[in-house]
Amino acid sequence: MQIVKVNNYEEMSEKAADLVTGLINQSKKSVLGLATGSTPEKLYDILVERNIRKEISFQQVKTFNLDEYVGLGENDLNSYRYYMNEKLFHKVDIEMENTYIPNGLATSLDKECERYEQEIQKAGTIDLQLLGLGLNGHIGFNEPGSSFNSRTHVTQLDQSTIEANARFFKTPEDVPTKVITMGIGTIMKAKQILLLVQGEKKAEILKKAIEGEVTEHIPASILQRHSNVTLITDISI
Ligand code: GLP
């Protein structure tokens, strides 16, 4: 794992943007795996600015997001489709049909998971998968205990994740309990992984994930077994 220590959130986001920019400029048809949450917000702002300045183009880029809440559609302010449209897709030159996010409103969720997994396979491989880290060590919405071999699937959120994500909703009761997430097996197939972790409150879980035992109790610990991971963090390891 390559660890890049930065001083703050801005620097982390700039460095992450440089990595994404380099990749897309090298291969215009790159396939990106994207994440939501607070962590990548600034990264997306920077990519938008660079796109406006024509330093980067998403015209031939394909994207696959990690996860989506079941029951929330694109017009719901808390859906990850809404988040991605607002923060990135509607502001850059990407073709909307090249932006994939699991459909949380699908009538058959199992079929939706299968379809999503097939779309990823059709795209070939994810060149760069962006990841944040949950306070309990989750990646995507793969909560502690998730199988390392899992593919895109429907799952239940941990109570701690519901509480952590309640800040985006009116009340904790409004946080959906069910989600669709890319599996850990799917994530691990990406050629390269970019893990962004910011803030002291994640120091303990980050250390466990990158230095501790590789265990399904800490989903992010599997990243120790991936051959091309870059961690950008302001936490001193
Ligand atoms: C969320 C998302 C993850 C995200 C993580 C950390 O629940 N499903 O993809 O990386 O939790 O979120 P944040 O960046 O807001 O700390």
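Everything quoted here is computed from the prediction, not taken from an experiment.

What follows covers the pattern of salt bridges. According to the stated counting rule, one finds 10 salt bridges in the structure shown. Between Arg-115 and Glu-112 there is a salt bridge, with its nearest N and O atoms 2.8 Å apart. A residue pair is termed a helical-turn pair when its members lie 3 or 4 positions apart in one helix, as Arg-115 and Glu-112 do in helix 4 (residues 109–122) at three residues. For the salt bridge of Arg-115 with Glu-119, the shortest nitrogen-to-oxygen distance reads 3.7 Å. Residue Arg-115 and its partner Glu-119 are both found in helix 4; the two are separated by four residues, about one turn of the helix. In this structure Arg-115 comes out as partly exposed when scored by relative accessible area, which is 33%.

Below, the discussion takes up the side chain of Thr-215. Among the secondary structure elements, Thr-215 is positioned in the loop between helix 7 (203–211) and strand 10 (229–233). One polar contact links the side chain of Thr-215 to the main-chain amide nitrogen of His-217, over a distance of 3.0 Å. Residue contacts for Thr-215: discarding those within four places in its chain leaves Phe-148 and Ser-221.

Side chains of a nonpolar character, in soluble globular proteins, are inclined to be buried together. The biggest cluster of nonpolar side chains holds 64 residues, and the ones touching the most others in it are Leu-32, Tyr-44, Leu-47, Phe-58, Leu-88 and Leu-223. Of the residues forming this core, the biggest block, seven residues, is contributed by helix 1 (residues 9–26).

Scanning the model with the defined rule gives seven aromatic pairs in all. Judged by centre distance (6.4 Å) and plane angle (80°), the rings of Tyr-44 and Tyr-83 are edge-to-face. Placement of the pair is Tyr-44 in helix 2 (residues 41–52) and Tyr-83 in helix 3 (residues 80–87), with a sequence separation of 39 residues. For the pair shown, Tyr-44 and Tyr-83 are each scored as buried. With a centroid separation of 4.9 Å and an interplanar angle of 45°, the aromatic rings of Tyr-69 and Tyr-80 are classed as tilted. With Tyr-69 in strand 4 (residues 67–69) and Tyr-80 in helix 3, the pair connects residues that are 11 residues apart, well separated along the chain. With respect to burial, Tyr-69 and Tyr-80 carry one shared label: buried. A network of ring pairs unites the aromatic residues Tyr-69, Tyr-80, Phe-141 and Phe-169 as a single cluster. Over the ring of Tyr-83 we find Lys-87; its NZ or CZ atom is 5.0 Å from the centre of that ring.

About the cut-offs
- Residues numbered from 1 in each chain as written.
- Predicted model: local features only at pLDDT ≥ 70, side-chain atom pairs only at ≥ 80, totals over all residues.
- Heavy atoms only, no water.
- Salt bridge = Lys/Arg side-chain N within 4 Å of Asp/Glu carboxyl O.
- Helix = DSSP H or I, 4+ residues; strand = E, 2+ residues; numbered from the N terminus.
- Buried < 20%, exposed > 50% of the residue type's maximum accessible area, 1.4 Å probe, protein only.
- Polar contact = N/O pair within 3.5 Å; in protein donor to acceptor, adjacent residues only side chain to side chain.
- Contact = heavy atoms within 4.5 Å.
- Core = buried A, V, L, I, M, F, W, Y, C linked by side-chain atoms within 4.5 Å.
- Phe/Tyr/Trp six-rings, centres within 6.5 Å; stacked < 30°, edge-to-face > 60°.
- Lys NZ or Arg CZ within 6 Å of the ring centre and 35° of its normal.

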